[in-house]
Amino acid sequence: MPDVKIAAAAGGSFSAYLSLPARPKGPAIITMQQIFGVNSEMRSYTDEFAANGYIAICPDLYWRQQPGVEIMPGTPEALQRAMALNNALDVDKAVDDLDATIAFLRAYPGCNGKIGTVGYCLGGLFAFLLAARSDADANVSYFGVGIEKRIAEAASIKKPLLLHVPEKDRTVPPPAQVIIEEAVRGRAEFYAYPGADHAFNRVGSRSYDKDVTALAAKRTDAFLARHLGS
């Protein structure tokens, strides 16, 4: 499907990649981008959720800086550009955009009102923040970056949250992992993966781990089914 437009709370609008199941009736999933924007990898994750029966959408969180960013990781230049965009991102405004996406989905034909979020890297941070700030029904964080810097928000977690944390994550060192695990204990489901690195589910990358990817997906699917139904 072509991208859809969503009205931002503070004015303007942003695009989102929408992928629909064969029978768009039931819960919805928001996939939340890594630092590389809504690229082919994010669209493929979104399509996978649609193939599993969810109304799925991936909003462009860089739209205020540069709409339609699509960076493919793998080169120093790509990483440098992505880091510059990430560093300039207004996190609070992006949370507002995700709230607007939740509202868009709840009004979307066929959606039963149940909304889940699944974020990767930068998006993993947003899954944590949405569990504390939003009314999304379930939130999944894959190797979220920067959570320890906003760890005070853990006290406000009110919605189900699942965190996948690779123990060898080069962007979230062990001391940060300890901070996160202790802060969410009793508030969220926390799974550590020994030997796994950041972006363990990126096919073709040096950090790809087929077994960890499958285990995390199994846990994610069960978590979403439990909280969103079908």
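Numbering of residues starts from 1 in every chain and runs along the sequence as written. Restriction of local features to residues with pLDDT of at least 70 applies here, the model being predicted, together with a cutoff of 80 or more for giving and counting side-chain atom pairs; totals for whole chains, interfaces and linings are based on all residues. Side-chain measures here rest on the full set of heavy atoms in the structure, leaving out hydrogens and waters.

## Considerations on the pattern of salt bridges
- We define a salt bridge as a contact between a side-chain nitrogen of Lys or Arg and a carboxyl oxygen of Asp or Glu at a distance within 4 Å. Using the criterion set out here, one finds nine salt bridges in the structure.
- Note that Asp97 is salt-bridged to Arg64, the shortest N-O span being 2.6 Å. Residue Asp97 is found in helix 3 (residues 91–106), and its partner Arg64 is found in the loop between strand 4 (55–59) and helix 2 (76–88); the two are separated by 33 residues along the sequence.
- Whether a residue is buried, partly exposed or exposed follows from its accessible area with a 1.4 Å probe, protein chains only, as a fraction of its type maximum: under 20%, in between, or over 50%, in that order. Judged by its relative accessible area of 0%, Asp97 is buried.
- Given the relative accessible area of 37%, Arg64 is considered partly exposed.
- Notably, a salt bridge pairs Asp92 with Arg133, separated by 2.9 Å at the nearest N-O pair. Here the residue Asp92 occupies a position in helix 3, and Arg133 occupies one in helix 4 (residues 122–133), the gap between them amounting to 41 residues.
- With a relative accessible area of 40%, Asp92 lands in the partly exposed category.
- By relative accessible area, Arg133 is classed as partly exposed at 31%.
- Via salt bridges that share partners, Asp92, Arg133 and Glu153 belong to a single interconnected network. Here a strand is any run of E in DSSP of at least two residues, a helix any run of H or I of at least four, and the numbering for each starts at the N terminus.

## Regarding the environment of Asp197
- You can see Asp197 is positioned in the loop between strand 8 (189–193) and helix 6 (210–228).
- Sequence-wise, Asp197 and Val212 are 15 residues apart; in three dimensions their C-alpha atoms are separated by 9.9 Å.
- For this analysis, residues touch if any pair of their heavy atoms sits within 4.5 Å. Not counting the four nearest positions on each side in its chain, Asp197 is found in contact with Pro166, Lys168, Asp169, Arg170, Arg206 and Ser207.

## Here's the deal with the side chain of Asp169
- Along the chain, the position of Asp169 falls in the loop between strand 7 (161–166) and helix 5 (174–184).
- For the purpose of charge, His is not counted, nor are the chain termini; Lys and Arg are scored as positive and Asp and Glu as negative. Here Asp169 sits buried without a salt bridge, and the closest side chain of opposite charge, Arg170, lies 5.7 Å off (N-O distance).
- Within 3.5 Å is the distance limit for a polar contact, defined as a pair of N or O atoms, with the added protein rule that one can donate a hydrogen and the other accept it, and that residues adjacent in sequence qualify only through two side-chain atoms. Polar contacts involving the side chain of Asp169 include one to the side chain of His198, which spans 3.1 Å.
- Once residues within four sequence positions are removed from consideration, Asp169 is found in contact with Phe143, Gln177, Ala196, Asp197 and His198.

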